[in-house]
Amino acid sequence: MSSFQGVLVSDQWLQSQFTQVELRSLKSRFISAKNQNGKVNIGDLPAIMAKLKAFSDVFNEEEIRNMLADSGNDEIDFEGFLRTYLNLQTLTASKSGSSGSPSSFLKATTTTLLHTISESEKSSYVAHINSYLRDDPFLKQFLPIDPASNELFNLAKDGVLLCKLINVAVPNTIDERTINMKRVLNPWERNENHTLCLNSAKAIGCTVVNIGNQDLVEGRPHLVLGLISQIIKIQLLADLNLRKTPQLVELVEDNNDVEELMGLAPEKVLLKWMNFHLKKGGYQKTVTNFSSDLKDGEAYAYLLNVLAPEHCNPATLDVKDPAERANLVLDHAEKMDCKRYLSPKDIVEGSANLNLAFVAQIFHQRNGLSIDNKKISFAEMMTDDELISREERCFRLWINSLGINSYINNLFEDVRNGWVLLEVLDKVSPGSVNWKHATKPPIKMPFRKVENCNQVVRIGKQLKLSLVNVGGNDFVQGNKKLTLAFLWQLMRFNILQLLKNLRSRFQGKEITDTDILHWANRKVKSTGRTSKMESFKDKSLSSGLFFLELLSAVEPRVVNWNLVSKGESDDEKKLNATYIISVARKLGCSIFLLPEDIIGVNQKMILTLTASIMYWSLQQPVSDSESSPSPSVALSPDSSPAPSINGEDEISLDGLSNLTVDDAASYSTVSYSHAEDEDTESQEASSSLPVENGEDTQLQEVSSSQAGKEDDT
C-alpha cells in the first residue's frame, strides 16, 4: 500500500470532486482564514472566494456575500468550505454562459448549502416531459404536470419518471421490465428505482456523484431539477457528431479540420453550426456562448432568417426593445414547429441552459446543411468503426464517473495532452502523480504535452502495466489502440485493488482474475445450481443465464425468473442481456456494459461485469458464508423469488449511489497489449489451479512514499 495519504475528506463524493493538488491549495486557503480561535465562519468566505481565480473574473466580494447571506454566520468546517466552493463553481459556469467549460451542464455539481432553482428552467423541463411522456402507458395517468406547482418533484419521488426520461434521452438504456411501477411503492421498491435511475444516468454520461437515493426520495428540488436538466440536454445534443449527422462536415472548409471538429464538445459544435449560418446571413459578430451573446436577440433573428426565410419578419431587426425582439424571434420559431424551451425574458436575461436547449431544438428541426455526397462519404470514413466507438464510449463514461476535474467529450482528443490521464492516475493510485512536474491545459508548447504523457508512462510502469516500447509521444500523437489498451489495464488494476482492499476480507492479498472466476462459480453453486463459468470467454455465457443466477445468488429477490428466457435464439439472448444490465444497475452496480458485449462474450467486459457484482456483494453487511444453499435462496428458473423486505435489506442499500469507484470496474474493452492478453489467457486456461499460479497478472500497488513527501512539502 502507498504511504501517501494526501488531504482526506470523510465524504467520498466530495473527495472525488477535487484532485490532490486542488485539495492542498484549498486546504491552505482554509487554514490561513482561521481566526484567533482557530475557526472559520461563513462570513469569512466571501473575502476568500473573491480572491480565487476561479471566481474573481465573474463575482466580486459583495456578490458572493449576497449569495451566502441566507447561510448565516455560523462556524464552517473544511468540508463545508469545499461545498461552498462547488456551489460557486456551478453559479460561475451558469453566469458565464458555459463558454469556458465545454459540457459544463454535465460537470456542474450542486450541493446542499445553496438551494436555488430556476422557475423558468423548471417550466421548460416540465413542458418537455409533458410532450415526450404524455402517451406513456403508466405515466399518462399523472400527466400533464402543472409547471406552476411542485408536482414534478413529488412525481419524481418514486423514480419511475426519471427512469422513463432516461429512456427518452437514450432509448433502451433501461429494461422497463425492471422498473417497479405501481401507484404506491414500498420503501424497498422505491429505493430500487432510484438506484436503477442513478446508475443508468451515469451510463449515459450524467455526472451524479453528488446525488443519493435519499435526495430523490425526498424530492429535493435543486438536485432533481439538476439531474433532469442533464438528461434532457443529453437527448438534445445526441446528434451533434459526425457519426449521427455526417452533414456537419460542411462546417469545415478543409478536410484536415475534420479531426478537430470530431474532437469538439457537442456545445462547441452547436456554436460552430450557429456561427456558420450567421456568417452566411451577414451577421458581423461571433457567438461564443449561450448567454450574454444572445441577450439582444439579434443573433437569433439572423439565424432564423437564414434557416426559414419563408417566415421572415423584417421588423424583427428594426425593433429597439430586446424583449419585443425576443418575442418576435419566438413567434418565428413557432412557425418552424420548434418547441418553446424559453420565454422572451429568458433570452433577455441570458439563460445559458435554456438558450442551449432552444438552439439545439432549432438544429434538430432544420439544420440547413447541404447534402454533399463526397463530403459525407469522407466524414463517414473519418468516424471510428463500431468496436472502437463502443470502447471510446465506455472509457469516456468511466473517466467521467471518477469525479475528476476535467470532463471528457472525445476520449482520443482529450487525453492527448496527458493531463486527463494524470487526473485518472491520481484517482486510481492516489499520490502517484508529481503535480509539480505536470502542466495544466491549455498547453501551447508541444513538449509540455510530451512531458505530461511521459509521466503517465512512468507511473503506468510503476503500477506494473504492460507498456513495452511505449513512450509519451505515442499518446500525444493520438494512437487510438494504445490509448484503449492503456485505459483497459488501468481499469482492471483499479477493480483488482478495490477488491483487494475491501473490508480487509483478503488481508492485503493480491486478487487475480482467477479469484473472481472462482468466487462467481462458488456463489452460484451455493444456491444449489449447477451452472458453471469455465472462463471469461465461455461461449455458454451468451445466453445470460449464468449471470442471472449469479445476481439471484447475491440478492434472491432481484431477479424475476418469469421474465427470463432460455437464451437460445438471438432475440432471447438480447432480452436476457438487456435484463441483466438493468438488474445489475438496480442492485447497485454502476456498469457501462452493452447487451452486445454479453451476447458476444467479450472476455474483458465479462470479467469486469463479474468483478462489479462481486464488489457489490462483498460490501454488504451480511456475511458471504459460501455455505450450502438455504431453501429461500435455491430458486428454480421457473419461479420468481419472493420479496424479502426487511430492515437489513434497506440498510444494505444505503450507500449504493456512492459506488462511483465501481464504475471503474464495470466496463471493459479489447486490449491491444499482447503481453496483457497472454497473461489473461494463461490465467483462464489454468483457472482450476491454485491462485498463486496467477502471479504474472497480479498488479502490485506501487509505493509512492516519495511522492507523498514531495506533496507534504
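Residues numbered from 1 in each chain as written. Predicted model: local features only at pLDDT ≥ 70, side-chain atom pairs only at ≥ 80, totals over all residues. Heavy atoms only, no water.

Turning to the overall build of the protein, a few remarks are in order. Broken down by element type, the protein carries 36 helices and 0 strands. Counting all 713 residues of the protein, 58% fall into the buried class. Restricting the contact set of the protein to residue pairs at least 6 apart, pairs at least 24 apart contribute 69%. Just so you have it, the protein exposes about 29500 Å², and 48% of that area is on carbon and sulfur atoms. (Helix = DSSP H or I, 4+ residues; strand = E, 2+ residues; numbered from the N terminus. Buried < 20%, exposed > 50% of the residue type's maximum accessible area, 1.4 Å probe, protein only. Contact = heavy atoms within 4.5 Å. Areas by Shrake-Rupley, 256 points an atom, 1.4 Å probe, with all protein chains shown as cover.)

Counting 88 residues, the largest nonpolar core has W398, F486 and L490 as the members making the most contacts within it. At 12 residues, the largest contribution of residues to this core is made by helix 27 (residues 480-501). Residues lining this core come from more than one domain, with at least three contributed by each of domain 4 (385-502) and domain 5 (513-619). The residues contacting L490, other than those within four sequence positions of it, are W398, V424, L425, V428, L463 and L465. Of all hydrophobic cores here, the second largest spans 85 residues; its members include F142, M274, L303 and L342. (Core = buried A, V, L, I, M, F, W, Y, C linked by side-chain atoms within 4.5 Å. Domains from an automatic or database assignment.)

On to helix 22 (residues 386-401). Its 16 residues give helix 22 an end-to-end C-alpha distance of 22 Å, which sits within 8% of 22 Å, the value for a rise of 1.5 Å per residue. Summarising burial for helix 22: 13 of the 16 residues are buried, a large majority. (Expected span 1.5 Å × (residues − 1).)

Turning our eyes to something else, we now look at the pattern of salt bridges. In the structure shown here, the tally under the stated rule is 20 salt bridges. The residue E192 makes a salt bridge to R557 at a minimum N-O spacing of 2.6 Å. Here the residue E192 occupies a position in helix 11 (residues 187-203), and R557 occupies one in the loop between helix 29 (545-554) and helix 30 (570-587), the gap between them amounting to 365 residues. Using a relative accessible area of 13% as the deciding quantity, one classes R557 as buried. Its salt-bridge partner being R529, residue E549 comes within 3.9 Å of it at the nearest N-O pair. Of the two residues, E549 is situated in helix 29 and R529 in the loop between helix 28 (513-525) and helix 29; the sequence distance between them amounts to 20 residues. Sharing partners across several salt bridges, the network here consists of D136, K164 and E176. (Salt bridge = Lys/Arg side-chain N within 4 Å of Asp/Glu carboxyl O.)

On to the confidence of the model for the protein. Averaged over all residues, the pLDDT of the protein is 78; the fraction at 70 or higher stands at 77%. Here helix 33 (residues 647-652) stands out as the element of the protein with the lowest mean pLDDT, 29, in contrast to helix 10 (residues 160-169), whose mean of 96 is the highest. (pLDDT = per-residue confidence, 0-100.)

On to the packing of aromatic side chains, then. A complete count under the given rule lists 10 aromatic pairs for this structure. Geometrically, the ring pair formed by Y283 and Y302 is tilted, given 5.1 Å between the ring centres and 50 degrees between the ring planes. Of this pair, Y283 sits in the loop between helix 15 (266-281) and helix 16 (298-307) while Y302 sits in helix 16; the two residues are 19 residues apart in sequence, bridging distant segments of the chain. By relative accessible area, Y302 is classed as partly exposed at 23%. Taking the centre distance of 5.2 Å and the plane angle of 70 degrees together, the rings of Y300 and F358 count as edge-to-face. Separated by 58 residues along the polypeptide, Y300 in helix 16 and F358 in helix 20 (residues 352-365) bring together distant segments of the chain. Owing to a relative accessible area of 0%, Y300 belongs among the buried residues under this scheme. Given a relative accessible area of 1%, F358 falls into the buried group. Aromatic ring contacts, followed pair by pair, group F30, F78 and F81 into a single cluster. (Phe/Tyr/Trp six-rings, centres within 6.5 Å; stacked < 30°, edge-to-face > 60°.)

Attention now goes to the packing of helix 29 against helix 30. Axis separation between helix 29 and helix 30 bottoms out at 10 Å; the angle between their running directions is 20 degrees. As judged from the angle between their axes, helix 29 and helix 30 are roughly parallel. The two elements helix 29 and helix 30 meet at a crossing, and its hand is left-handed. Contacts between helix 29 and helix 30 involve L545, F547, L548, L551 and V554 from the first element and N576, Y579, I580, V583, A584 and L587 from the second. The class makeup of the residues in the contact of helix 29 with helix 30 is 10 nonpolar, 1 polar and no charged. (Axes fitted to C-alpha atoms, helices over the stretch in contact; angles between N-to-C directions. Parallel < 35°, antiparallel > 145°, perpendicular 65-115°, else oblique. Left-handed = near helix turned anticlockwise from the far one by under 90°. Nonpolar A, V, L, I, M, F, W, Y, C, P; charged D, E, K, R; others polar.)

Relative to the assigned elements, I408 resides in the loop between helix 22 and helix 23 (411-414). Judged by its relative accessible area of 1%, I408 falls in the buried class. Ignoring sequence-local partners within four residues, the contact set of I408 consists of R396, I399, N400, D414 and V420.

Here the focus is helix 18 (residues 322-335). Here helix 18 is 14 residues long and its end C-alpha atoms lie 20 Å apart, about the 20 Å a rise of 1.5 Å per residue gives. When we look at burial in helix 18, the residues that qualify are R325, A326, L328, V329, L330, H332 and A333. For helix 18, the secondary structure elements touched by its buried residues are helix 16, helix 17 (315-318), helix 19 (344-349) and helix 20. Positive backbone phi, at 65 degrees, marks D337, one or two positions downstream of helix 18.

As a packed pair, helix 15 and helix 16 sit with axes 9 Å apart at the nearest point and diverge in direction by 80 degrees. On the basis of the axis angle, helix 15 is roughly perpendicular to helix 16. In contact with W273, M274, H277, L278, K280 and G281 of helix 15, helix 16 contributes A299, Y300, Y302, L303, V306 and L307. Split into classes, the residues belonging to the contact of helix 15 with helix 16 amount to 9 nonpolar, 2 polar and 1 charged.

Next up on the list: unusual backbone geometry. The linkage connecting L143 with the following residue, P144, adopts the cis geometry, with an omega of 0 degrees. Here P144 lies in the loop between helix 8 (119-133) and helix 9 (151-155). Here the residue pair P441 and P442 is connected by a cis peptide bond, since its omega of 0 degrees sits within 30 degrees of zero. When you line up the elements, P442 lands in the loop between helix 24 (419-428) and helix 25 (446-462). At D337, a residue that is not glycine, the phi angle is positive and equals roughly 65 degrees. By the secondary structure assignment, D337 is in the loop between helix 18 and helix 19.

In this section: a negative patch on the surface. There is a patch of like negative charges on the surface, built from E253, D254, D257 and E260. Turning to its location among the elements, E253 is positioned in the loop between helix 13 (221-236) and helix 14 (258-262). Given the relative accessible area of 76%, E253 is considered exposed. (Patch = residues over 30% accessible without salt bridge, like charges linked within 9 Å, V, L, I, M, F, W, Y side chains within 5 Å. Lys, Arg positive; Asp, Glu negative; His and termini not counted. Charge placed at Lys NZ, Arg CZ, Asp CG, Glu CD.)

Position of N313 relative to the elements: it lies in the loop between helix 16 and helix 17. Exposure remark for N313: the relative accessible area of 33% places this residue in the partly exposed category. Taking C-alpha positions, N313 is 9.6 Å from D331, a pair spaced 18 residues apart along the chain. Residues within four places of N313 in sequence aside, it is in contact with N305 and L328.

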